[in-house]
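Read off the chains here:
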Amino acid sequence: MNETPSSERLQIGFFGCRNAGKSSLFNAVASQQLAVVSNIKGTTTDPVNKSMEIPPLGPVTLIDTPGLDDDSGELGTKRVYQAYRILRRCDLVLLVCDASTGMNQHDISFYKQIQAQGILCLIVYNKTDLIDKNNKNTDADGSVDNPIMVSALQEKGIEQLKKEIIRHLESQIQKLPIVSDLLPAGGTAVLVVPIDKAAPKGRLILPQQQTIRDLLDHGCISTVVRDTELAAVLTHTIPNIVITDSQIFQTVAKVVPEAIPLTSFSILLARYKGVLHNLVSGAYILDDLRDGDHILIAEGCTHHRQCEDIGTVKLPTWIQEYSSKQLYFDFCSGTEFPEMLSQFRLIIHCGGCMLNAKEMQYRQRSAAATGIPMTNYGTAIAHMHGILTRSLKPLGIFIDDFKNTTTVQTQS
């Protein structure tokens with residue numbers, strides 16, 4: 001459970017106004033005293049995360065958030081902003097309200113935003129110990145039917161709440177494999193992993209680990225090799241697919257015969273997280289860049305930059321050479337993602353292995369809402385090297401004059 005990456009856990013957020021009992025409920029569901037509880041409003045000032053196991057969902061992350069009604073000046077505004085940022089990655093929201101008062105206007109406004117974004121939400125009335133058990137409490141505008149009634153203080157209704165969490169989230173469990181569905185039973189995949197200065201010492205990066213595990217889980221055979229030994233492996237093995245690190249896409253494409261399907265970890269992850277088709281559209285903007293354009297390069301994790309870092313060094317260099325334009329690059333990493341995107345001509349994202357599908361989809365929607373195209377490392381690199389069509393074909397995606405269209409057809 002502890003080794004499951006955060007991007008693979010279902011994310012459950014506890015939201016509500018100050019003193020609604022979010023932290024008390026958070027502690028009750030987690031069965032631990034993790035969040036500080038106090039009668040003083042605004043005790044929770046920063047998000048608190050707890051990883052736990054909820055069978056049959058598996059590993060999940062619970063997130064306690066600051067109050068939605070924090071009006072303590074500039075600091076309070078920042079706390080509310082932090083709460084709304086957590087919403088981007090939530091698979092399920094628990095909107096915690098004070099049962100003695102029902103939903104207030106802050107709760108109702110937040111609930112309507114959740115509904116508009118299509119996020120799963122449970123309304124939880126906490127502090128039922130403060131009301132007469134025979135008194136039927138309703139929300140401020142009567143818009144919520146059958147809220148879940150609990151008392152975190154008396155630990156009443158907690159098991160029922162957990163059952164409702166399971167019922168709502170069972171359908172959200174990721175069922176799409178990363179690559180194994182593209183291979184026949186017992187099929188073979190060759191994974192090309194470069195070992196250079198940018199490679200982490202003594203381990204594989206997360207997309208490589210996840211791909212290997214997916215192949216193992218489905219009875220497929222994986223051969224892991226450096227690019228320098230790839231040709232030798234192909235002399236005695238004809239794999240069902242070759243998967244490469246994006247930064248050596250061109251080198252690998254020259255070695256792998258056209259008859260052998262070829263793609264990249266980055267492209268497979270984009271498919272896995274449900275954003276690939278829009279990222280393919282964004283790659284073609286690289287053909288139409290103009291002098292003075294600003295490009296945002298976004299990464300989902302923070303790490304020490306190496307001299308050959310792909311995001312800050314290699315990719316900008318390749319784009320400058322490909323476009324022959326004078327371009328300007330901005331960078332963001334980790335949970336930081338600009339609210340204002342209109343100044344950018346294009347957004348190029350990493351594979352997003354450290355971000356869950358909800359966060360990646362949020363970023364893609366934010367770009368689309370602003371009218372800014374978005375692509376990712378693998379898709380952009382494949383396009384610049386003229387092998388995008390080849391790298392998408394194993395996934396059943398076919399490009400028909402895609403440069404002049406806005407849709408991609410997927411094989412049924």
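Computed from a predicted structure; not experimentally measured. (Residues numbered from 1 in each chain as written. Predicted model: local features only at pLDDT ≥ 70, side-chain atom pairs only at ≥ 80, totals over all residues. Heavy atoms only, no water.)

Trainee: Looking at this structure, how should I read helix 11 (residues 357-370)?
Mentor: Helix length check: helix 11, at 14 residues, gives a terminal C-alpha distance of 20 Å against a target of 20 Å (1.5 Å per residue), a fit within 8%. If you check which residues of helix 11 are buried, you get Glu359, Met360, Tyr362, Arg363, Gln364, Ser366 and Ala367. Buried residues along helix 11 sit in contact with helix 9 (276-283), strand 13 (346-349) and strand 14 (374-376). (Helix = DSSP H or I, 4+ residues; strand = E, 2+ residues; numbered from the N terminus. Expected span 1.5 Å × (residues − 1). Buried < 20%, exposed > 50% of the residue type's maximum accessible area, 1.4 Å probe, protein only. Contact = heavy atoms within 4.5 Å.)

Trainee: Mind showing me how you'd approach the sheet that holds strand 13 here?
Mentor: Adjacent strands of a sheet form backbone hydrogen bonds with each other and so pair up, either parallel or antiparallel. Taken in spatial order, the four strands line up as 12-11-13-14 in an open sheet, and their pairing is parallel. This sheet does not close on itself; its edge strands, each paired only once, are strand 12 (328-332) and strand 14. In this sheet, adjacent strand axes meet at a mean angle of 25° when their direction is disregarded. Looking at chain direction, strand 11 (residues 294-298) and strand 12 are connected through five bridges and run parallel. When the bridges of strand 12 are listed, Ile295 appears paired with Phe329. (Pairing = 2+ DSSP bridges. Axes fitted to C-alpha atoms, helices over the stretch in contact; angles between N-to-C directions.)

Trainee: Got a minute to help me understand the packing of aromatic side chains in this structure?
Mentor: Remark: the centre distance and the inter-plane angle together describe each pair of aromatic rings, the angle taken between the planes. What the rule picks out here adds up to three aromatic pairs. Relative to Phe26, the ring of Phe14 lies with its centre 5.5 Å away and its plane at 85°, an arrangement referred to as edge-to-face. Here Phe26 lies in helix 1 (residues 22-30) and Phe14 lies in strand 1 (residues 10-16), a separation of 12 residues in the sequence. A residue is classified by how much of its surface remains accessible, and Phe14, at 0% relative accessible area, is buried. Of the residues examined, Phe26 reaches a relative accessible area of 0% and is grouped as buried. Ring-pair connections join several aromatic residues into one group, and the members of that group are Phe15, Tyr84 and Phe110. (Phe/Tyr/Trp six-rings, centres within 6.5 Å; stacked < 30°, edge-to-face > 60°.)

Trainee: Can you help me understand the nonpolar core in this one?
Mentor: Buried together is how nonpolar side chains tend to be arranged in soluble globular proteins. Counting residues in hydrophobic clusters, the biggest one holds 73 residues, and the most contacted among them are Ile295, Ile319 and Ile348. At six residues, the largest contribution of residues to this core is made by helix 8 (residues 265-272). Ignoring any residue separated from it by four or fewer positions in sequence, one finds Ile319 in contact with Leu286, Leu289, Ile295, Leu327, Phe329, Ile348 and Met384. With 27 residues, the next largest nonpolar core counts Leu57, Val96, Val150 and Leu161 among its residues. (Core = buried A, V, L, I, M, F, W, Y, C linked by side-chain atoms within 4.5 Å.)

Trainee: Explain the pairing of strand 4 (residues 92-98) to me, please; I cannot follow it from the model alone.
Mentor: If a strand is regular, its side chains alternate between the two faces of the sheet. Burial analysis of strand 4 places seven of its seven residues in the buried class, the great majority of the element. Of the two faces of strand 4, both are covered, the one formed by Leu92, Leu94, Val96 and Asp98 as well as the one formed by Val93, Leu95 and Cys97. Where strand 1 and strand 4 come together, five bridges link them in parallel fashion. Note that in strand 4 the partner of Gly16 across the bridge is Val96. Where strand 4 meets strand 5 (residues 120-126), seven bridges bridge the pair, whose relative direction is parallel. Directly across from Leu94, in strand 5, lies its bridge partner Leu122. Note on the crossover from strand 4 through helix 3 (residues 105-117) to strand 5: the handedness is right-handed. (Right-handed = clockwise from strand over helix to strand, strands pointing away.)

In short, shape yes, function no, at least from these values alone.
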